[in-house]
Amino acid sequence: MRKFKTESKKLLDLMINSIYTNKEIFLRELISNASDAVDKLNFKSLTDDSMKVDQDDLSIRVSFDRDARTITVSDNGIGMTADELEKNLGTIAHSGSQEFKTENAESQGDAVDIIGQFGVGFYSAFMVAKRVQVVSRAYGEDAANVWESDGLEGYTIEPGERAGHGTDVILTLRDNEPGKDGEPGENYDRYLSEWALKDLITRYSNYVRYPIQMMVTKSRQKPKPEDAGDDYQPEYEDYQELETINSMTPIWKKRASDVEQRDYNEFYKSTFHDFEDPARTISFHAEGALEYDALLFVPGRAPFDLYSKDYEKGLALYSSNVMIMEKCADLLPDYYNFVRGVVDSEDVSLNISRETLQHDRQLHAIARRIEKKITDDLCDMRDNDREAYEKFFENFGRGLKFGIYNTYGGKADELGDLLLFWSAKEQKMVTLREYAEAMPEGQKAVYYAAGDDRERLSKMPVVTGVLARGYDVLLCTQGVDEFTFQAMREYVARDMPKIYEDDAAREAAEKAQADGAEPETEDRHLELKNVATGDLDLASEDEKKEAEEATKEHSDLFDAMKEALGDKVEKVAVSSRLVGEGEAPACITTEGPLSLEMEKVLKRGPEGEAEGLPKTQRVLELNAKHPVFTKLAAAQDAGDSEKIALYAGLLYDQALLVEGILPEDPVAFSQRVCELM
């Protein structure tokens, strides 16, 4: 018995029990080692004319014996001598593959694709095996050697037999373990089946460049006997056939021009378990300091659990065609969490178990490039396939809005132009850029209204008042909309046609353009204004003057109404929004950052009934030109305080109903209506 080097027992125990979190990756590691061995032989045959190797025969074989409880991974690669077995398997964390890569760094090029880096992958076998045998015969040698260990104290190396060059790794599985303290036990027998091994191969090693073969059981119909009667029922028999399990060539390594869209669609549906074709496919190869391939998909529909806490984002990460992580969350920002796909890079630094990544500049560089590619593709879809983009936005637009909100507006420049909102004026979905381009000269803000129903919003007095002045209003019906706009604070419309201060400047610019100069552009900083909050500053000078006069003339009326309403409102005032006889008699607006719609959204949240929840500062605005205002003024002149209180309560509750908010006392509201009747 030879002892492991480098404090073997402690290190081996650490690797078996701590480094790897998923026991089933043992097969991935052994197949990767086998692929490296075949690669080494292939490379040497390309650089040594005396070595005759038929590349078509290079393969990896996986088999199992249920009775003996063994799994065998075989290759016909370069093999190992007794000294190499001692060096590579007797010293934990010594990597023959890494050493080979270092020695041949200048000459290997694309001819060899060594996967191994750390020299510990082999020992993952002891997570499932109580004994491991390695039978290996080096290329050009007549004798084979057998390395054997139980993974505890040490190992033996003895002469052995093998028909040809290559290596067999034979795992004798551990005994099944019962569960403890209500925890499920460990069933190692689950690996002793065709289905289980094929599943592990296709999941983790599907794109290893050499064939991974297994003897699989199939069924076929027996020949019909010559003397069979009319009532003969077909009989079937099982037979064994050698089958290649992996597909070898990854679709993401192929040039996009060589792959049809239907092939991408089939790969997407089979890999990511969707029944619809993807809405977009993004395939690219990056070269330079960091080289990688990426194949990304925008789904055609939102997963049912997309907005649940259990949803996991991430792209499948491969290194040298071997899957390292099924969902690498660091490759996608949260607002693009719906994107599915694959990233394959040999350059990403992996940790010792390959299961988690080092958080380094390489990973961040890939993530930034992927984010930009997704953004560019969505912009292309928005501009060139609007119908498809509107469907995409219906599925995933909420996440883009959360992206702006969650970054406190930090991603407004990248994501702002991807947002769509319903235009009350145009009666269609528009981008913020399209809204800005359609604004009349002199408009300095983007106006929006927030609520839960587009039809109701379009009829609200605060909306119709703005529309009547010739300005468009965006109707926002998702709870996150207003929070997003508050995080953005403003929308910057880049490269808009320049607005000139006077006619002379405009004429000079037109003359310059006539002489061949490029049109001048400017960035316009547009404030985002909720039509139901604050002063929109839309009134003309005459309207402002009329409002001031009405306020001064009827100040006693406003004081009386405020007293009747109590702390329901901050104040009662003349409205600058409602200025026509045909418009509503009153409306509710708010002061400060919290609107009525935001208050409703917060109340629907998990802490909606908690004490201390912020409340809106409500203002009851009156239309001074409406006949109702005349009635109010008459009641004030007559000193009829009861009628003023009745009207004040009725107008306030009516304005709440228009906002989609039930009166605090529906019975009192009903009584006021009956009293008026």
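This write-up is about the structure you can find in this document. Everything numeric here is computed off the predicted structure, so don't read it as measured data.

Attention now goes to the packing of helix 7 (residues 361–384) against helix 8 (residues 386–406). Remark: helix 7 packs on helix 8, axes separated minimally by 6 Å, with the N-to-C direction vectors making an angle of 125°. With respect to helix 8, the element helix 7 is oriented oblique. Between helix 7 and helix 8 lies a crossing of left-handed hand. Residues L378, M381, R382 and N384 of helix 7 touch helix 8, and the partners they reach there are R386, A388, Y389 and F392. Taken together, the residues of the contact of helix 7 with helix 8 break down into five nonpolar, one polar and two charged.

Right, let's get into empty space enclosed by the protein. The tally for this structure, following the rule as stated, stands at two cavities of 30 Å³ or more. The calculated volume of the largest cavity comes to roughly 50 Å³. Taken together, A450, G451, R456, N530, A532, S595, L596, E597, K600 and E659 make up the lining of the largest cavity. Sort the elements by how many residues they give to the lining of the largest cavity and helix 17 (residues 596–604) lands first, with three residues. Tallied by class, residues from the lining of the largest cavity come to three nonpolar, three polar and four charged.

The three strands are arranged 21-23-22 in an open sheet whose pairing can be described as mixed. Of all the strands in the sheet, the pair left with one neighbour each is strand 21 (571–574) and strand 22 (586–591). With strand direction ignored, the average angle separating the axes of adjacent strands in the sheet is 35°. Relative to strand 23 (residues 617–622), strand 21 is paired through four bridges, and the arrangement is parallel. Bridged to A573 within strand 23 is E621.

Because each turn of an α-helix spans 3.6 residues, side chains separated by three or four positions end up pointing in the same direction. For helix 12 (residues 461–468), the complete set of buried residues consists of P461, V462, V463, G465 and V466. Residue G470 follows helix 12 closely and has a positive phi angle near 95°.

Burial analysis of helix 13 (residues 481–488) places seven of its eight residues in the buried class, which makes it a mostly covered element. Turning to helix 13, its buried residues number three or more, namely D481, E482, F483, T484, F485, A487 and M488. A positive phi of about 70° marks R489, the residue just after helix 13.

It is at 10 Å that the axes of helix 16 (residues 555–565) and helix 18 (residues 627–637) come closest, and there the two elements cross at 90°. The orientation of helix 16 relative to helix 18 falls into the category roughly perpendicular. Together, D556, L557, F558, A560 and M561 of helix 16 and F629, L632, A633 and Q636 of helix 18 make up the contact between the two elements. Partitioning the contact of helix 16 with helix 18 into residue classes produces seven nonpolar, one polar and one charged.

A few words on the sheet that holds strand 17 (residues 445–450). Spatially, the six strands line up as an open sheet ordered 16-15-18-17-20-19, and their pairing is mixed. Each edge of the open sheet is held by one strand with a lone partner, namely strand 16 (428–430) and strand 19 (490–497). Within this sheet the neighbouring strands show an average axis-to-axis angle of 40°, counted without direction. Two strands pair when backbone bridges link them, and strand 19 and strand 20 (residues 521–530) are joined in this way by six bridges, in the antiparallel orientation. Bridge pairing links P497 to T521 in strand 20.

Cut-off values and rules
- Residues numbered from 1 in each chain as written.
- Predicted model: local features only at pLDDT ≥ 70, side-chain atom pairs only at ≥ 80, totals over all residues.
- Heavy atoms only, no water.
- Axes fitted to C-alpha atoms, helices over the stretch in contact; angles between N-to-C directions.
- Helix = DSSP H or I, 4+ residues; strand = E, 2+ residues; numbered from the N terminus.
- Parallel < 35°, antiparallel > 145°, perpendicular 65-115°, else oblique.
- Left-handed = near helix turned anticlockwise from the far one by under 90°.
- Contact = heavy atoms within 4.5 Å.
- Nonpolar A, V, L, I, M, F, W, Y, C, P; charged D, E, K, R; others polar.
- 1 Å grid on protein atoms, 1.4 Å probe; cavity = no way out; pocket = protein on both sides within 12 Å on 5 of 7 lines; lining within 4 Å.
- Points joined across faces, edges and corners; volume = space filled by probe spheres on them.
- Pairing = 2+ DSSP bridges.
- Buried < 20%, exposed > 50% of the residue type's maximum accessible area, 1.4 Å probe, protein only.

Nothing here speaks to function; it is geometry throughout.
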